[in-house]
Amino acid sequence: MIRRYLGLYVVAVIIAVLPFLIPNGFYLDLAIRMGINAVIVLGLNLLIGFAGQISMGHAGFIGIGAFASAVLPTHFGWHPFVALVAGAVLAGSLAALVARPIFRLKGHYLAMATLGLGIIVNIVLRNEAKYTGGPDGMPVPPFTLFGFAIDSDKHWYWIVSVILMVSVWASINLMNSPFGRALRGLHGSEVAAQVVGVNVTRYKVAIFVMSAVFASLMGSVTAHYVGFVSPSLADFGHSIELITMVVVGGMASVFGSLVGAVLLTALPQALATFEGWETVAFGVILILCMIFMPKGLVPTLAARFGGRRE
Amino acid sequence: MLAQLLQYLFSGLTIGATYALAALGFTIIYNASGVINFAQGEFIMLGGMLAVYFTDAGLPMAVALPLAVLIPSLAGLLMARLTIEPIKGAETITLIIVTIGVSLVIRGAIQVWLGKGSHGLPAFSGDIPIRILGATLMPQSLWVLGVSALLVLGLWYFFNRTLSGKAMLATSFNRGAAELVGINTGRVLFISFAMSAGIGALGGILVTPITLTSFDAGVMFGLKGFVGAVVGGLGSGLGAVVGGLLVGVIEAFGAGFLSSSYKDAIPFILILFILFFMPRGLFGVKVTDRV
Amino acid sequence: MSLLSVISLSKTFDGVKAVQNVSFSVEPGVIYSVIGPNGAGKTTLFNLITGIYTPSQGDIRVDGASVIGKLPNELAALGVARTFQNLQICMNMDACENVMVGAHLRLDRNLFKAAFRFPALARRDRALKQEAEDLMRFVGLENYLTSRADSMPYGALKRLEIARALALKPRLLFLDEPAAGLNPRETLDVDGLVRKIADSGVTVVLVEHNMKMVMNLSDRILVMDYGKKLVEGTRDEVRHHPDVIAAYLGA
């Protein structure tokens, strides 16, 4: 029982000491973006890694959350918190609406359907310029709660940290519960899960909706934190980036999600010195990672050093 | 009205022929290896960009264009050898990620080498439009449609009448059995990637005088080709051709009658509808799982 | 009333008649075996009864109520469990977790309670783990309590499937060739295990090629050939039936 949460304590310690080690605002900003990505990737990993279902349009859900938080307060005067909830409800409902028919399908068809969904969201955001600012995007009013505006990076750091800790804790719990075992079971053998009574379609839909809601909420957080949204948040490239984080960190690994998010959020910064070659370098790293560590970093290293897989 | 309909049909079929070639590329690789090659669009871009580069460099068309098909084919071969063969049998998602990695490498390299600008090619037989019932048809469209049709016929012949083609088909039905009767399935993999890349590149060259090309032109071509392949039922060659053409035509009509700014969304709305109501595509095979 | 009644059941795949007009019934508390040469339609029969395939014709009744059109998970809720001839183990999980999945229907599967680890749920989960380990001991897997499924040998995985099916607390258990691929020693163990399961009050339907085991265990036997019912009866009736001798000895 203690071991189950060991990694969580390590994460907590890192989060607690990091602000004292960070030299300047640039790195604080990087840390916050890593945290936000980590939560999204965790949600996506529950779907891809644990349940074995592909989503290639997840950035679409992030876009829905981000633009709900931008458009609703700006054009309709909604309270940011209500807007955030509305975005999550919209993303969740859309996911639920689409999921039922989609999850009867397998593998590549599922990839196609989710990809299509993401692209449609992206195109809508680009075209409805009257509300969304079109391809250029739009500014987002600050998030307020009980009359206080959250506008300093320090505040955001702690908020994102708390969200991250709760998400990690909840994910570990979930995957070691009857719900989680049913999900992992249907990944391992769909027919075996079915004959012990798992309604596989329902479970797939539930986890898809849940990870869409995760993505939308973090889209809202991103919007308020950055203070600006653009449709590129919802584009195909961003969906791919998120999947890459899942896969590089480690499928079906909670801490792999964190490692993947941290590394690949930092990577573009590290590659900025390559002057235009960063896309190529990103591609090469992806390929090498998949060929030499197909299970992803954390599970591979855990196996190498004999540690128990989390 | 008729003229307008005809006009949309012409432009839809032209662009649809390119989607059809991309869809065929997806299908050939999928059948040979079970891989969905997300780098397929990059080969289309590569064909167009290389054709522009070689003709700008002063090479005559007769040399430039074959080179612009040959080099992507070699790139496809290399891709199969270096990135796909080492992880044969990996999970679907792993394979998808690898092909995305390759697409980033190709796109990034072209961006560094040839820049971010858009480029065109002169039309092969001039720009004098042909008038048909009030609609205009560009000669280049005839090139696109004609060469695509020849290519489809050639592929049909290859897969149904030649030993190598039949070997590739056999591999797609049952890899284990194909290996047992002595088919070199590794070679089938290489041929499928080289062929798909070449077909995509050719499509990219043909369409460049109409649509222009740039380092990132491959993304949408690839995705819409994938839509075409799925519309037709993944794995069916005839389905890929019909699917690709259908996607092109529906996109053209949608752009004309509904909204041109939603043009790029139309194929994806179409695919969602098809997956909802005909989950195996138009020509897909029904698969029963064995327990 | 019979626990299971199969009435004129047929299944056709693209014109191939895999099961033709098969009828039989299974009384509570018995061990019922289905035998026949490879390709006789035994596994198809299992797949039809457990809801994986939909019959082309005929009826299947559990406790007298038709279950045609029910999904496998709905049949599980009626107390129907099964194992597979081709192993269906979740290799991404621990052995013990595989068994715990088997108890799915008896648990509180609420997503939110699980995510925030409500105390009652956590307690129930710990009890479940104990229960799963007891089941593993029951099927003879005491040496694998902490193993990963993908590190276990074939014979152990076959037992793991049985433990998972038992975790459902089934009334009717379908075992598809539990002894296939096992050595004589292991086969003997499985023989004893099936007897133990039946003695605990579970009705067992068995597909098996090992004749010694079938004859030793079965109360009644259904012999199939080319998708049809050849003979049905007690083991002595079946053993001495000329058609069975002909089919098996090729005379």
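1. Some words on the overall build of chain B
Point 1. Scanning chain B from terminus to terminus reveals 11 helices and 2 strands.
Point 2. For 291 residues, the compact-globule estimate of 2.2 N^0.38 gives 19 Å, and the C-alpha radius of gyration of chain B, at 19 Å, lies within 12% of that figure.
Point 3. The principal-axis extent of the C-alpha atoms belonging to chain B is close to 60 × 45 × 35 Å.
Point 4. Looking at the 291 residues of chain B, the share that counts as buried comes to 51%.
Point 5. Across chain B, contacts joining residues at least 24 apart in sequence account for 76% of those joining residues at least 6 apart.

2. Looking at the overall build of chain A
Point 1. Across its full length, chain A carries 14 helices and 4 strands.
Point 2. Against the compact-globule benchmark of 19 Å for 310 residues, chain A has a radius of gyration of 19 Å, which places it among compact chains.
Point 3. Taken along its principal axes, the extent of the C-alpha atoms in chain A is 50 × 45 × 45 Å.
Point 4. Evaluated residue by residue, chain A yields a buried proportion of 57% over its 310 residues.

3. Notes on the interface of chain A and chain C
Point 1. On the side of chain C, 32 residues touch chain A, which itself brings 25 residues to the contact.
Point 2. A per-element tally of the side of chain A that touches chain C places helix α8 (residues 178-188) of chain A first, with 9 residues.
Point 3. Of the residues assigned to the side of chain A that touches chain C, the class counts are 13 nonpolar, 10 polar and 2 charged.

4. Overview of unusual backbone geometry
Point 1. Within the chain, Leu212 of chain B stands out as a residue other than glycine whose phi angle is a positive 65°.
Point 2. In this fold, Leu212 of chain B is placed in the loop between α8 (185-211) and α9 (218-231).
Point 3. The phi dihedral of Arg117 of chain C falls on the positive side, at around 45°, and the residue is not glycine.
Point 4. Take Arg117 of chain C: it is sitting in the loop between α4 (111-115) and α5 (119-138).

5. Some words on the sheet that holds strand β7 (residues 172-176) of chain C
Hydrogen bonds between backbone groups are what pair the strands of a sheet, and the pairing can be parallel or antiparallel.
Residue and element names in this part refer to chain C.
Point 1. A sheet is described by the order of its strands in space; here 6 strands give the open sequence β6-β7-β8-β3-β9-β10, paired in mixed fashion. At either end of the open sheet lies a strand with only one pairing partner, and these are β6 (80-82) and β10 (228-234). Recorded for the sheet is a direction-independent mean angle of 15° between the axes of neighbouring strands.
Point 2. Across the sheet, helix α1 (residues 42-49) lies against β3 (31-35), β6, β7, β8 (203-207) and β9 (220-225), angled at about 150° from β7, the strand it touches most.
Point 3. Contacting β3, β7 and β8, helix α7 (residues 184-199) runs over the sheet at an angle of about 150° to β8.

6. Section: the environment of Thr14 of chain B
All names here are of chain B.
Point 1. Note that Thr14 resides in helix α1 (residues 2-33).
Point 2. Sequence separation of Thr14 and Phe26 is 12 residues, and the distance between their C-alpha atoms is 19 Å.
Point 3. Ignoring anything within four residues of it in the chain, the contact list for Thr14 reads Ser141, Val144, Leu145 and Ile210.

7. A closer look at the environment of Leu48 of chain C
Residues and elements named next belong to chain C.
Point 1. Mapped onto the fold, Leu48 is located in helix α1.
Point 2. Residue class for Leu48 comes out buried when judged on the 24 C-beta atoms lying within 10 Å of it.
Point 3. C-alpha of Leu48 to C-alpha of Ala198: the two residues are 150 residues apart in sequence and 23 Å apart in space.
Point 4. Beyond its immediate sequence surroundings of up to four residues, Leu48 is in contact with Leu9, Lys11, Val19, Tyr53, Pro55 and Ile60.

8. Overview of the pairing of strand β4 (residues 57-62) of chain C
All names here are of chain C.
Point 1. In the sheet, strand β1 (residues 4-13) pairs with β4 via 5 bridges, with the strands oriented antiparallel. When the sheet's bridge partners are listed, Ile7 is paired in β4 with Asp59.
Point 2. Here β4 runs beside strand β5 (residues 65-66); their pairing, made up of 2 bridges, is antiparallel. Each residue of the ladder has a partner; that of Arg61, found in β5, is Ser66.
Point 3. Linking β4 to β5, which pair antiparallel, is a turn of 2 residues; within it Asp63 sits at a positive phi near 55°.

9. Brief notes about the nonpolar core
Point 1. Formed by 270 residues in total, the largest nonpolar core has its most connected members in Ile40 of chain A, Ile271 of chain B together with Met136, Ala163 and Val204 of chain C.
Point 2. Not counting residues up to four positions away in its chain, the partners in contact with Val204 of chain C are Ile31, Tyr32, Leu173, Leu175, Val194, Ile197 and Ala198 of chain C.

10. Examining the confidence of the model for chain A
Point 1. When pLDDT is averaged across chain A, the result is 91; 97% of the residues are at 70 or more.
Point 2. Of all helices and strands in chain A, the one with the weakest mean pLDDT is strand β3 (residues 148-150) of chain A (84), whereas helix α3 (residues 58-76) of chain A scores best (97).

11. Quick notes on the domain arrangement of chain B
Where the parts come together, the accessible area they lose is often given as the size of the interface.
Residue and element names in this part refer to chain B.
Point 1. Assigned domains of chain B: these are domain 1 (27-216) and domain 2 (217-283).
Point 2. Computed from C-alpha coordinates alone, the two centres of domain 1 and domain 2 are separated by 18 Å.
Point 3. Counting residues at the interface gives 17 residues for domain 1, matched by 14 residues for domain 2.
Point 4. Contributions of two or more residues to the side of domain 1 that touches domain 2 are made by α1, α2 (40-56) and α5 (139-161).
Point 5. Sorting elements by how many residues they give to the side of domain 1 that touches domain 2 places α2 first, with 6 residues.
Point 6. Residues of the side of domain 1 that touches domain 2, tallied by class, amount to 7 nonpolar, 7 polar and 3 charged.

12. Section: the interface of chain A and chain B
Point 1. Facing 35 residues of chain A, the contacting portion of chain B comprises 36 residues.
Point 2. Breaking the side of chain A that touches chain B down by element, the ones donating at least two residues are α4 (80-102), α5 (107-127), α11 (236-249) and α13 (278-292) of chain A.
Point 3. Top contributing element to the side of chain A that touches chain B by residue count: α5 of chain A, with 12 residues.
Point 4. A class-by-class count of the residues in the side of chain A that touches chain B yields 26 nonpolar, 8 polar and 1 charged.

About the cut-offs
Residues numbered from 1 in each chain as written. Chains lettered and ligands numbered in written order. Predicted model: local features only at pLDDT ≥ 70, side-chain atom pairs only at ≥ 80, totals over all residues. Helix = DSSP H or I, 4+ residues; strand = E, 2+ residues; numbered from the N terminus. Rg over C-alpha atoms; globule rule 2.2 N^0.38 Å. Buried ≥ 20, exposed ≤ 12 C-beta atoms within 10 Å, placed from the backbone. Contact = placed C-beta atoms within 7 Å. Nonpolar A, V, L, I, M, F, W, Y, C, P; charged D, E, K, R; others polar. Pairing = 2+ DSSP bridges. Axes fitted to C-alpha atoms, helices over the stretch in contact; angles between N-to-C directions. Core = buried A, V, L, I, M, F, W, Y, C linked by C-beta atoms within 7 Å. pLDDT = per-residue confidence, 0-100. Domains from an automatic or database assignment.

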